Amino acid sequence: MKNDFNSPAAAGVPWLEFFPQQGGPVQKTLVATFPFSIGRNDTTDLPINSTRVSREHAAIVKAGNTYRVRDLDSTNGTFVNGQRIEEATLSDGDILMIADVEFTFFSGNTQAARKTVTQVIGFRESDSSSLKGVDLIRCVRRLQETILQGSSRLEYQPVVDLLSDTPIGYEAIQRLSHGGPYQLEADRLVLATNSRLAVRIRECFFLLAAEKLTASDKQAKLFLHLESSEIDHEFVRNLLGIAERLFPRPDRLVLDLPDSVVNDIPYFHEIHAWITDFGAELCYSEFAAGKAQVEVHRKVPPNYLRLARAMVRGIAQDDDRQALIKSTIRTCRDSGCEVIATNLDQKSDVQLFQQLGCRFGMGKHFATTSEAEPANCPPTVIAPLQGGFVGCGMAVSEVH
């Protein structure tokens, strides 16, 4: 009865929904037994064919009428509504991320769903899939308004030289203006596509981030994170075109890519050549391997490797991991690459990574606030215009 949604036994049983990135129908999996295991192993209740998913990654458990998800000490983490968790309650419509694979959780309790879903005037009460259609329509309209009104908000997280305690650059983070988390389900579904709207949203964000940084700091680098779905020829070419107009020195742009794309994208060598020939720099993020993976990178070398949070978390009590990271830092430096430590939340974290030989770091220890500005950058002025908007003097056409 595992996925027989027409069976009477399926009534009231929770399920997980998965939207394939390449398109196609929604895939639903009943959560019928507990604990319900998720991972890369074929023996789990929900096997996921991804090298970024741990063999035994997470489990869903039931306590009374409550469902909870537990991370099973996975390498790349379990997330609920964008927040990394060790254990958390699951409610209708929650977004469950297993590493970078996204599911939507539904409890199967129609009464609970009615309490958590706002009914839309003009639409009859319906099942979850038609509600998703309404959510997507609202999302598209909201994102169009984001472009027309210039309502993206920026946050800058500094990348700091641990020796001098000064920023060498800033990672730009996008926050949309509607008040909810950026990783809301509908937003993620739309922005994960290769639609014109999704591409334009990201290009506008990059434009604003680059303009604001160049106006406030003539030397700092801009670290721009790209999702795997964004690493294609057209999108990268457009970003480099924007960078050419805005940066007098191309090496001020650092494209931050998931470490997994080095092996997963067959044409990555071409993308790497484009970026390096242009003169921009590369950072591979969520790096969780050791010297062997660094050797693989020699064919497509980055300028920076950003450690995964799982590599940093609890390292003060793990001598073996300290030795691994120290060896990785030394191997990277021999290859002309610097390691960036993440999650440096306290001074003791900074001191430890200095002792390990790490040159750069990021984390709460360094000043980061909501809608932070690099240096004393004034707010970007964005005025709606007919057919587009102007941000710092550059026009961006309207999306339909």
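Position numbers for residues count from 1 along each chain, tracking the sequence in the order it is written. Only residues with pLDDT of at least 70 get local features here, since the model is predicted, and only at 80 or more are side-chain atom pairs given and counted; chain-wide, interface and lining totals rely on the full set of residues. Based on all heavy atoms of the structure, the side-chain values leave hydrogens and waters out of the count.

(A) Quick look at the sheet that holds strand β5 (residues 58-63). When DSSP finds at least two bridges between two strands, those strands are taken to pair. Secondary structure elements follow DSSP: runs of H or I of four or more residues count as helices, runs of E of two or more count as strands, with numbering from the N terminus. Spatial strand order, β4-β3-β5-β6-β9: five strands in an open sheet with mixed pairing. Of all strands in the sheet, those with a lone pairing partner are β4 (46-47) and β9 (87-90), marking the two edges. Sheet analysis places strand β3 (residues 36-39) next to β5, joined by three bridges and oriented antiparallel. Counted as the bridge partner of I38 is A58 from β5.

(B) Quick peek at the side chain of R321. Tracing the sequence through the fold places R321 in helix α10 (residues 319-334). In what follows, a contact means two residues having at least one pair of non-hydrogen atoms within 4.5 Å. Non-local contacts of R321, meaning those with residues more than four positions away in its chain, are made with A310, M311, V312, R313, G314 and I315.

(C) Representation of the packing of aromatic side chains within the structure. Classification of ring pairs uses Phe, Tyr and Trp, with its six-membered ring standing for Trp, and accepts pairs whose centres are within 6.5 Å; under 30 degrees between planes counts as stacked, over 60 as edge-to-face, and the remaining range as tilted. Summed over the entire model, instances satisfying the criterion amount to eight aromatic pairs. Plain terms: the ring middles of W15 and F106 are 5.2 Å apart, the flat faces sit at 20 degrees to each other, and that makes the pair stacked. Remark: F106 occurs in strand β11 (residues 101-106) and W15 occurs in strand β1 (residues 15-18); sequence separation between them is 91 residues. Here W15 matches F106 in class, with each residue buried. Ring geometry for Y156 versus Y170: centroids 6.1 Å apart, planes at 85 degrees, classification edge-to-face. Throughout this description, buried means an accessible area under 20% of the type-specific maximum (1.4 Å probe, protein chains only), exposed means over 50%, and partly exposed covers the range between.

(D) Representation of the pairing of strand β16 (residues 281-287). Counting buried positions over the seven residues of β16 gives six, a clear majority of the element. Sheet analysis places strand β15 (residues 253-258) next to β16, joined by five bridges and oriented parallel. When the sheet's bridge partners are listed, D256 is paired in β16 with C283. Note that β16 and strand β17 (residues 304-307) share three bridges and pair parallel. Each bridged residue has a counterpart across the sheet, and for C283 the counterpart in β17 is Y304.

(E) Quick peek at the environment of Q293. Here Q293 shows up in helix α8 (residues 291-297). Sequence separation between Q293 and T328 is 35 residues, and the spatial gap between their C-alpha atoms is 9.5 Å. Apart from the residues within four sequence positions on either side, Q293 is in contact with D259, N263 and F287.

(F) Highlighting the pattern of salt bridges. Any carboxyl oxygen of Asp or Glu that lies within 4 Å of a side-chain nitrogen of Lys or Arg is treated as forming a salt bridge with it. Following the criterion strictly, the structure yields eleven salt bridges and no others. For the salt bridge of R68 with E87, the shortest nitrogen-to-oxygen distance reads 2.8 Å. Taken together, the positions of R68 in strand β6 (residues 66-71) and E87 in strand β9 put the pair 19 residues apart, joining distant regions of the chain. Classification of R68 by relative accessible area gives partly exposed; the value is 26%. For E87, a relative accessible area of 36% translates into the label partly exposed.

(G) Up close: the nonpolar core. Judged by nonpolar contacts, the single largest core of 60 residues is most densely connected at F206, L222, L255, L257, F268 and F353. In this view, F353 contacts L162, L307, V312, I315, I325, A341, L344 and C358; residues no more than four positions away in its chain are not counted. Of all hydrophobic cores here, the second largest spans 21 residues; its members include I38, I60, L96 and I98. The definition of a nonpolar core used throughout is a set of buried Ala, Val, Leu, Ile, Met, Phe, Trp, Tyr and Cys residues joined through side-chain atoms within 4.5 Å.

(H) α10, seen in detail. If you check α10, its first and last C-alpha atoms are 23 Å apart, about what 16 residues at 1.5 Å a residue would give, namely 22 Å. Among all positions in α10, only R321, Q322, I325, S327, T328, I329, T331 and C332 are buried. Residue G336 follows α10 closely and has a positive phi angle near 80 degrees. Given a helix with a known number of residues, its expected span is that number minus one, times 1.5 Å.

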